[in-house]
Each structure stands twice: as structure tokens, then as C-alpha cells.
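Structure assessment
The lines below spell out each chain.
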Amino acid sequence: MHKPHLLLLPGLLCDARLWQHQAADLADLAHITVADLSQADSIAGLAEQVLAQAPDECFALAGLSMGGYVALEIMRRAPQRVLGLALLDTSAQADSDAAKRARVDLMGQAEEDFAALVASLLPKFVHPAHLSDPALIEVITGMAHSLGRDVFLRQQKAMLGRIDSRPGLVQIRCPTLVLCGWEDVITPLTLHQELATAIVGAQLVMIKECGHLSCLEQPQAVTRALETWLQRLPG
Ligand code: MLT
């Protein structure tokens, strides 16, 4: 069987460690690359970098949260290059005015005390049951501290300026998976129901006992959903 390229896009303050389980478990089904989303301060700039560095002309694309915002921008710019789309714990909406104010506030907190800010984000990132998993928390804080405050500020600036992706959803024609943790408080279930309703033929998977960082919190369930999705890709 032809092995497609699978491009994985991480979320805020995350890197390849976010996708470590899927990268290992899906290696038989796809050539896997994890993009670096730390270097631009706009979603358009991040999408351009991903497209310029993509290892192949066509690829399957999976993004979590901010990675999903970038994936939707790629669908606007180069839909012909995307064999399949997986949107995890994300949203097609732009920030509301209240969400913009909250982001600016977070940016101020990061300037003051980045370590305290990272600690305060943990209960939003994971299901309460996972807060007491030291290995998981170490991976999340490890990623956040390797990326650091300046990357956090750039990524927040990028997300602040993002546009509403909902008008383009109806044009998406590739096999699409929409997945979220039931208890995702950053991008809740309703946002995924909206995505799955608007994208033709999208499959919606909701994962129990799972917050925003589904790939790390429930790795096997996420890998299974991605496996099924990869099997739906053309060719
Ligand atoms: C992310 O996980 O990428 C961000 O929390 C998403 C957001 O802040 O909108």
C-alpha cells in the first residue's frame, strides 16, 4: 500500500512531544513529520511555513487546537495538497471580543511570570483526573518551558489575529475527522459539532475522560481514530 505523508501540527506551547504516541504507533501507515509552529506571529505566516517545508506535494494533515487553526488556513490556501484533514480540540471560529481580552491578559501574565502562567494553564489543558499524572504533567510543562515566553507571545498574537474559518468549511472535500475530549474546556464539544456539521462527510469522535490535550491524555483512542481516518484517504 502507498504510504502517505502525515503532517502533524501541534498546539500552543507544544512540539513533537505532543504527538509522540501517534508518531510511534502510526509509523507503519504513514511517513510522519511534526511541524514547528513557533516561529511566526500570524496564522497565515505559520501556514506558509508549513506549506513551504512540507515533505511532499500532497499530505494528510492533522492539527490540534492552534494546529487546527493553521490547518484550516492551509485548507484555504492549498486545498489541492491535502489528502485528508483531522481537526482535534480546535475551532473554526475567530476569537470573540471577550476571548481577545482574555488573551491580552494572559500575555501580560506571561511577561510577569511565565512559570506561574504555565502552572495556571494546566487545569485548562487536561482533564482533572490527569492533573495527578506526574509523567503527563512533566511532558506538558517540559514542552512549555522549552518553547518559552517569547514563543507563547508570538503564538498568542497569531491566534488573536485569526479570522473566522466557518465560511470555507463547506468547500472542504477531503476525508475529515473531527475529534475532541468530552471535557475540553478550551475548545468545547459544541465547537466540534459545528465543524462536523459544516464539513461534508466529517466523522465526529468524542473521547471520554479527556480534556484539551487529547493526543497525550488518551493516546490509544486518538491513535485508533487517526488510523480509521488514514484508511479513508484516497489512493
Ligand atoms: C492551544 O491549545 O493551541 C490554544 O490554547 C488554543 C487557543 O488558545 O485558542
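The coordinates are above.
Before going into details, it helps to say that this report is about the structure given with it. Nothing here was measured: the structure is a model prediction, and the numbers come from that model. (Residues numbered from 1 in each chain as written. Predicted model: local features only at pLDDT ≥ 70, side-chain atom pairs only at ≥ 80, totals over all residues. Heavy atoms only, no water.)

1. Some points on empty space enclosed by the protein
- A full pass over the atoms with the stated rule returns two cavities of 30 Å³ or more.
- Considered as a void within the structure, the largest cavity measures approximately 40 Å³ in volume.
- For the largest cavity, the full set of lining residues is Ile 43, Tyr 69, Arg 76, Ser 91, Ala 92, Gln 93, Arg 162, Ile 163 and Ser 165.
- Taken together, the residues of the lining of the largest cavity break down into four nonpolar, three polar and two charged.
- One number sums up the size of the second largest cavity: a volume of about 30 Å³.
- Secondary structure elements with two or more residues in the lining of the second largest cavity: α5 (114–125) and α6 (134–160). (1 Å grid on protein atoms, 1.4 Å probe; cavity = no way out; pocket = protein on both sides within 12 Å on 5 of 7 lines; lining within 4 Å. Points joined across faces, edges and corners; volume = space filled by probe spheres on them. Nonpolar A, V, L, I, M, F, W, Y, C, P; charged D, E, K, R; others polar. Helix = DSSP H or I, 4+ residues; strand = E, 2+ residues; numbered from the N terminus.)

2. Some points on the site of the ligand
- Surrounding the ligand, one finds Gly 11, Leu 12, Ser 65, Met 66, Tyr 69, Arg 103, Met 159, Ile 186 and His 212.
- Taking Tyr 69, its side chain carries an N or O atom lying 2.6 Å from an oxygen atom of the ligand.
- Contact distances for the ligand include 2.8 Å between an oxygen atom and a side-chain N or O atom of His 212.
- Burial of the ligand by the protein chains amounts to 92% of its free accessible area of 270 Å².
- Judged by the fraction of its atoms near the pocket grid, the ligand is located in the largest pocket.
- Among the residues forming the shell around the ligand, the class breakdown is five nonpolar, three polar and one charged. (Near = heavy atom within 4 Å. Polar contact = N/O pair within 3.5 Å; in protein donor to acceptor, adjacent residues only side chain to side chain. Areas by Shrake-Rupley, 256 points an atom, 1.4 Å probe, with all protein chains shown as cover. Sits in = over half its atoms within 2 Å of the grid points.)

3. Comments concerning the sheet that holds strand β4 (residues 82–88)
- With parallel pairing, six strands are arranged side by side in an open sheet as β2-β1-β3-β4-β5-β6. The strands lining the two open edges of the sheet, one partner per strand, are β2 (31–34) and β6 (203–207). Sheet twist, expressed as the mean angle between neighbouring strand axes with direction ignored, is 15°.
- Pairing analysis gives five bridges linking strand β5 (residues 176–181) to β6, with the strands arranged parallel. Its bridge partner being in β6, Leu 179 is matched across the sheet by Val 205.
- Helix α9 (residues 219–231) contacts β1 (5–9), β3 (59–64), β4, β5 and β6 of the sheet and is inclined by roughly 170° relative to β5. (Pairing = 2+ DSSP bridges. Axes fitted to C-alpha atoms, helices over the stretch in contact; angles between N-to-C directions. Contact = heavy atoms within 4.5 Å.)

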